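Secondary and tertiary structure notes
Single-letter residue listing:
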Amino acid sequence: MTAQTLYDKLWQSHTVHMEDDGTTMLYIDRHLVHEVTSPQAYEGLKLAGRKLWRTGSVVATADHNTPTDHWDKGIQDPIARTQVEQLDTNIKEFGAKVYFPFRHQNQGIVHVIGPENGVTLPGMTVVCGDSHTSTHGAFACLAHGIGTSEVEHVLATQTLLSKKMKNMRVDIEGAIPRGVTAKDLALAVIGKIGTAGGAGYAIEFSGSAVRALSMEGRMTLCNMSIEAGARAGMVAVDETTIQYLKGRTYAPKGEQWDRAVVHWRTLVSDAGAVFDRTVTVNAGEVKPQVTWGTSPEMVLSIEDRVPDPDKEKDAVRREGMERALVYMGLKPNTPISQIMIDKVFIGSCTNSRIEDLRAAAAVVRGKRKAANVVLAMVVPGSGPVKVQAEKEGLHKIFIDAGFEWREPGCSMCLAMNADRLQPGERCASTSNRNFEGRQGTGGRTHLVSPEMAAAAGIAGHFVDVRQWR
Amino acid sequence: MDKFTVHNGLVLPLDRANVDTDAIIPKQFLKSIKRSGFGPNLFDAWRYLDEGQPDKPNAGRPLNPDFIMNKPQYRGATILIARENFGCGSSREHAPWALHDYGFRAVIAPSYADIFFNNCYQNGMLPIVLKASEVDQLFHDAAAFPGFKLVIDLGEQAVAYPDGSKRFRFEIDAFRKFCLLNGLDDIGLTLRHADKIKAFEELRRAEQPWLF
């Protein structure tokens, strides 16, 4: 048999039917649902008189629109409230395996709750009407975002019409330096291949640096693969994967666990499997990353200076850089470490898990937020992450440093709720997108790791966390 | 879904790369539970000088005179041309909904983000990939000739100038083409294979019961 990549195996094992042109009907194991991209899909089902194909595949929560403070008051924004209530109604009518509504103790960001509860299992196909579904690839899943029409299609048929992507391997070798995180590796990869570099590919992250990452680090890496243009990113199963899953609420138990583990260990690329493209990164050379522009590929290290468009030869790129600098209010050649910030956001499906919060807390412990920082907020990824952090006293560390400790949700990653930047405000953010207006109209986002965001909150400007004391 | 066969329309040249779906339709409009009504807020942050809100009327809002879509000669445009990686970022189908609701029937660019590309097909919108040099030519001619139009023939897989002076071929998956030409709904087509899905599912349940 020919050697297969992990992606080839996942693709083949989920193929139900293939058209002559290669359009393939893929079986979907897990369907994650949230309030923003599902109402029109459920409405479509109702209008056509269709039912869910398999209720047990659906795991749902409200996360994008939910407030992160004053939960006792409910959702103040009436339009957001309607959307969240519509999800309640739809789940009640159509059913789900698991539903964590607003204010449930396990509610949280959909890409945090899946792995946390063991509803994301190796070898699954996982879809969600959210591009950061790539996060679940950390568990050797074929996981990617889909549009609302496709959400409806999966609800009604348990399948997705898809064309096979090409295989890309991103091999990250070597020891990860202190102060450098999975987020920095992800941004370095995006800086190297560009925001469209992975378009048309499924990426497998491999190499000793990836093996050394915890599951949470791998989730951060896979989460950002969409920012490199790749819908799906994944990591092969190893002992770290299996240990993480053991004992999770919905993970298999007893004899089924033993059988599952035997199968999961096959979820690796075969020796000699052929990749259409291979990219190599030396982890030892990666420095803490900071984005300077309005696309995740506009990224540099903390040691660098804001680039000069005059040195760019390509006209479309040069105009893009000039527009980004105007939007970001930055001058060419300014050292990144001299950029002053107004706000700090620690959270999002990229960086809101317990290890992220521990790392950020270690940086701010015993210190105070800078006077020029008007708001530093920490938004845990889920109810259980919040509970765990409070058990460890992390919330006190943040609060003592002048940071706000909030309720879980997507929050200022996309600013659909009340958490947002005002026009012109500059934010050190652990989220995933620095697009114009992403964190609020006119807001300026710099993507960084949790440690770098925390340190910027204390210093008032970006600092090299490798030298932090 | 609307059928797409032949379309003759006015071209709007949006000379930018990496246009993301947050720019196409900003997040505050994603609170809607409907599929329609997004057109007035297409490119909201670029198109208006103030901040739009879902509960705010758009009539009378100050327009950004520098944004190309607001220039009178492009009023009624139905074909959007853009640079590489159009539609990157968020998976929101609200982006093609907004483009379609505004009146666009096709986008022409050298490349697209994968999710946006798929989402277009679900809404009777045609995302056409042409070579970068061909897109360059279109940008040049759209600037040079006021009222620049194109004729898109899906059956022939061709983008042509109305006077026939230039013609560019494009590729499209046979299945997608068939669905667009006939305005077919994917779900109905898929459910013709319901027995196959059931059989696949039963086998999977037997082999990996922990997935169910």
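1. Regarding the overall build of chain B
From N to C terminus, chain B includes eight helices and seven strands. With the C-alpha coordinates of chain B rotated into their principal frame, the extents come out at 65 × 45 × 25 Å. By residue count, 42% of the 212 residues in chain B fall in the buried class. For chain B, restricting intrachain contacts to residue pairs at least 6 apart in sequence, the fraction spanning at least 24 positions comes to 67%.

2. Considerations on the overall build of chain A
The helix and strand tally for chain A stands at 15 helices and 19 strands. The C-alpha radius of gyration of chain A comes to 21 Å, within 12% of the 23 Å expected for a compact globule of 469 residues. The principal-axis extents of the C-alpha atoms in chain A amount to approximately 55 × 55 × 45 Å. In chain A, which comprises 469 residues, the proportion classed as buried is 61%.

3. Topic: the sheet that holds strand β1 (residues 6–14) of chain B
All names here are of chain B. The seven strands are arranged β4-β3-β2-β1-β5-β6-β7 in an open sheet whose pairing can be described as mixed. At either end of the open sheet lies a strand with only one pairing partner, and these are β4 (126–129) and β7 (167–169). Looking at each pair of strands side by side, their axes are set apart by 30° on average, direction ignored. In this structure, strand β6 (residues 158–160) lies alongside β7, joined through three bridges in antiparallel fashion. Bridge pairing in β7 places A158 opposite R169.

4. As for the nonpolar core
A:L185, A:V344, A:V364, A:A456, B:I79, B:I81 and B:I108 are the most contacted members of the largest nonpolar core, which totals 207 residues. It is helix α6 (residues 182–193) of chain A that contributes the most residues to this core, eight residues altogether. In contact with A:A456, other than residues within four places in its own chain, are A:I341, A:V344, A:A428, A:V448, A:H461, A:F462 and A:V463.

5. Thoughts on unusual backbone geometry
A positive phi angle is found at A:S411, which is not glycine, with a value near 55°. Judged by the 33 C-beta atoms lying within 10 Å of it, A:S411 falls in the buried class. With phi around 60°, B:N85 is a residue other than glycine that occupies positive phi space. Here B:N85 lies in the loop between β2 (79–82) and α3 (94–102). Given 25 C-beta atoms within a 10 Å radius, B:N85 is considered buried.

6. Side note on the interface of chain B and chain A
Contact with chain B, which involves 50 residues of that partner, is made by 61 residues of chain A. Breaking the side of chain B that touches chain A down by element, the ones donating at least two residues are α1 (21–24), α4 (114–121), α6 (174–182), α7 (186–191) and α8 (194–207) of chain B. When residues in the side of chain B that touches chain A are grouped by element, the largest group, five residues, is from α8(B). Along the lines of polarity and charge, the residues of the side of chain B that touches chain A split into 20 nonpolar, twelve polar and 18 charged.

7. Concerning the sheet that holds strand β4 (residues 58–61) of chain A
Residues and elements named next belong to chain A. Reading across the sheet, the five strands line up as β5-β4-β3-β6-β7 and stay open at both edges, with parallel pairing between neighbours. Among the strands making up the open sheet, the edge pair consists of β5 (98–100) and β7 (142–145). Averaged over all adjacent pairs, the angle separating strand axes in this sheet is 15°, with direction ignored. Of the strand pairs in this sheet, strand β6 (residues 125–128) and β7 are connected by four bridges, and their pairing is parallel. Each bridged residue has a counterpart across the sheet, and for V126 the counterpart in β7 is A143.

8. Some words on the confidence of the model for chain B
Chain-level statistics for chain B give a pLDDT mean of 96 and a share of 100% at 70 or above. The complex prediction reports pTM at 0.97, with the ipTM value standing at 0.95.

9. A short note on the environment of A:G129
By the secondary structure assignment, A:G129 is in the loop between β6 and β7. Note: C-alpha distance between A:G129 and A:G145 (16 residues apart in sequence) is 5.5 Å.

10. Observations concerning the pairing of β6(A)
All names here are of chain A. Burial of β6 is two-sided: the residues T125 and V127 facing one way and the residues V126 and C128 facing the other way are all buried. Where strand β3 (residues 30–33) and β6 come together, three bridges link them in parallel fashion. Paired with R30 across the strands is V126, a residue of β6.

11. Some details on helix α3 (residues 78–94) of chain A
Residues and elements named next belong to chain A. Its 17 residues place the ends of α3 24 Å apart at the C-alpha level, agreeing with the 24 Å of an ideal helix rising 1.5 Å per residue. Listed as buried for α3 are A80, Q83, V84, L87, N90 and I91. Down the axis of α3, the smallest arc covering the buried residues is 115°, so these residues share one side. Facing away from the buried side of α3 by over 90 degrees, the exposed positions are P78, T89, K92 and E93. Along its buried surface, α3 packs onto α2 (39–48), β4 and β5.

12. Here's the deal with the environment of A:D276
All names here are of chain A. You can see D276 is positioned in the loop between α10 (254–264) and β12 (277–282). Taking C-alpha positions, D276 is 5.3 Å from N167, a pair spaced 109 residues apart along the chain. Apart from the residues lying within four places of it in its own chain, the contact partners of D276 are K166, N167 and M168.

13. Comments concerning the environment of A:A60
Along the chain, A:A60 turns up in strand β4. In this view, A:A60 contacts A:V33, A:H34, A:L87, A:I91, A:A96 and A:Y99; residues no more than four positions away in its chain are not counted.

14. Structural notes on α3(B)
Residues and elements named next belong to chain B. Most of α3 sits inside the fold, with seven of its nine residues counted as buried. By the burial criterion, the buried members of α3 are H94, A95, P96, W97, A98, L99 and H100. Looking at the packing, one finds that the buried side of α3 touches α1, β2 and α4. One or two positions beyond α3, positive phi appears at G103, with a value near 130°.

Rules of the game
- Residues numbered from 1 in each chain as written.
- Chains lettered and ligands numbered in written order.
- Predicted model: local features only at pLDDT ≥ 70, side-chain atom pairs only at ≥ 80, totals over all residues.
- Helix = DSSP H or I, 4+ residues; strand = E, 2+ residues; numbered from the N terminus.
- Buried ≥ 20, exposed ≤ 12 C-beta atoms within 10 Å, placed from the backbone.
- Contact = placed C-beta atoms within 7 Å.
- Rg over C-alpha atoms; globule rule 2.2 N^0.38 Å.
- Pairing = 2+ DSSP bridges.
- Axes fitted to C-alpha atoms, helices over the stretch in contact; angles between N-to-C directions.
- Core = buried A, V, L, I, M, F, W, Y, C linked by C-beta atoms within 7 Å.
- Nonpolar A, V, L, I, M, F, W, Y, C, P; charged D, E, K, R; others polar.
- pLDDT = per-residue confidence, 0-100.
- Expected span 1.5 Å × (residues − 1).
- Arc of directions from axis to C-beta.

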